[in-house]
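Listed below, chain by chain, are the residues.
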Amino acid sequence: MYLHNTTFKVALAHNNDFIYFIKDEIIPQYQEELELIDIVLLELLNVDMEDGKTYCLHIVFKDLQGYNEYKIYKEGKLLKAIFDKYNENVLFFSSILKKVD
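Residues numbered from 1 in each chain as written. Predicted model: local features only at pLDDT ≥ 70, side-chain atom pairs only at ≥ 80, totals over all residues. Heavy atoms only, no water.

Visitor: Whenever I open this one, the overall build of the protein chain confuses me. Can you help?
Guide: Looking only at helices and strands, the protein chain features two helices and four strands. Each helix and strand of the protein chain, placed in order from N terminus to C terminus, yields the pattern β-α-β-β-α-β. Relative to the globule expectation of 13 Å for 101 residues, the C-alpha radius of gyration of the protein chain, 14 Å, shows essentially globular dimensions. Classification of the 101 residues of the protein chain by burial places 38% in the buried group. Taking as baseline every contact in the protein chain between residues at least 6 positions apart, the subset at least 24 positions apart corresponds to 73%. Side chains of the protein chain give 11 positive and 17 negative charges; the mean places of these two sets differ by 3 Å. (Helix = DSSP H or I, 4+ residues; strand = E, 2+ residues; numbered from the N terminus. Rg over C-alpha atoms; globule rule 2.2 N^0.38 Å. Buried < 20%, exposed > 50% of the residue type's maximum accessible area, 1.4 Å probe, protein only. Contact = heavy atoms within 4.5 Å. Lys, Arg positive; Asp, Glu negative; His and termini not counted. Charge placed at Lys NZ, Arg CZ, Asp CG, Glu CD.)

Here it is as structure tokens:
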């Protein structure tokens, strides 16, 4: 199992729109187009929220091939769409994690 995490710091003025964008546009699209175990948007609660909220988009793949396909065909488009829509009002970074057996 491979978990791809993208963490987003979202300016308060764009919070509701960002949540709508991810939950109502991105997640349903990915569920339809990718072979996923799970995809979920989470809110980080133990961080300073004075200037914005922090969210994590967890995408769980059953194998490395599924992750690689996402990385090649989807991730760049998603991050470009977020940057084009929100510019520097949404900052992000990504990481890949593997379940330790």
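Additional details are given in the paragraphs that follow.
Visitor: Just checking my understanding: could you explain the environment of Ile19 for this structure?
Guide: On the secondary structure map, Ile19 appears in helix α1 (residues 15-33). Each C-alpha atom of the pair Ile19 and Leu41 lies 8.5 Å from the other, and the pair is 22 residues apart in sequence. If we skip the residues at most four places from it in the chain, Ile19 touches Asp24 and Tyr55.

Visitor: Can you walk me through the packing of α1 against helix α2 (residues 64-86) in this structure?
Guide: For any two helices packed against each other, the geometry is given by the interaxial angle and the distance between the axes. One way to put it is that α1 packs onto α2 with a least axis distance of 13 Å and a crossing angle of 160°. In terms of orientation, α1 and α2 fall into the roughly antiparallel class. Relative to α2, α1 is oriented so that their crossing is right-handed. Facing α1, whose interface residues are Asp17, Phe18, Phe21, Ile22, Ile26, Gln29, Tyr30 and Glu33, α2 presents Tyr70, Lys74, Leu78, Ala81, Ile82, Lys85 and Tyr86. Of the residues in the contact of α1 with α2, the class split is ten nonpolar, one polar and four charged. (Axes fitted to C-alpha atoms, helices over the stretch in contact; angles between N-to-C directions. Parallel < 35°, antiparallel > 145°, perpendicular 65-115°, else oblique. Left-handed = near helix turned anticlockwise from the far one by under 90°. Nonpolar A, V, L, I, M, F, W, Y, C, P; charged D, E, K, R; others polar.)

Visitor: I keep staring at the sheet that holds strand β1 (residues 2-11) and nothing clicks. Help me out?
Guide: Strands pair in a sheet through their backbones, by hydrogen bonds, and they do so in one of two ways: parallel or antiparallel. Strand order in the open sheet formed by four strands is β2-β3-β1-β4, with antiparallel pairing between adjacent strands. Both outer strands of the open sheet, β2 (38-44) and β4 (90-98), are each paired with one neighbouring strand and no more. Taking the axes of each pair of neighbouring strands and ignoring which way they run, one obtains an average angle of 20° across the sheet. Across ten bridges, the pairing between β1 and strand β3 (residues 52-61) is antiparallel. Across the sheet, residue His4 finds its bridge partner in β3, namely Ile59. (Pairing = 2+ DSSP bridges.)

Visitor: How should I be thinking about the side chain of Asn15 in this particular structure?
Guide: Structurally, Asn15 is set in helix α1. The contacts of Asn15, once residues within four sequence positions are left out, are Val10, Lys53 and Tyr55.

Visitor: In this structure, what is going on with the pattern of salt bridges? I would like to understand it.
Guide: When charged atoms on two side chains of opposite charge get close, those side chains can pair. A full pass over the atoms with the stated rule returns seven salt bridges. Across the salt bridge formed by Asp17 and Lys85, the nearest N and O atoms sit 3.8 Å from each other. Remark: Lys85 occurs in helix α2 and Asp17 occurs in helix α1; sequence separation between them is 68 residues. Residue classification places Asp17 among the partly exposed positions, given a relative accessible area of 36%. Of the charged contacts, one joins Glu75 and Lys71 as a salt bridge, the two residues approaching to 2.4 Å between their closest N and O atoms. Here the residue Glu75 and the residue Lys71 both occupy positions in helix α2, the gap between them amounting to four residues, near one helical turn. Exposure remark for Lys71: the relative accessible area of 37% places this residue in the partly exposed category. (Salt bridge = Lys/Arg side-chain N within 4 Å of Asp/Glu carboxyl O.)

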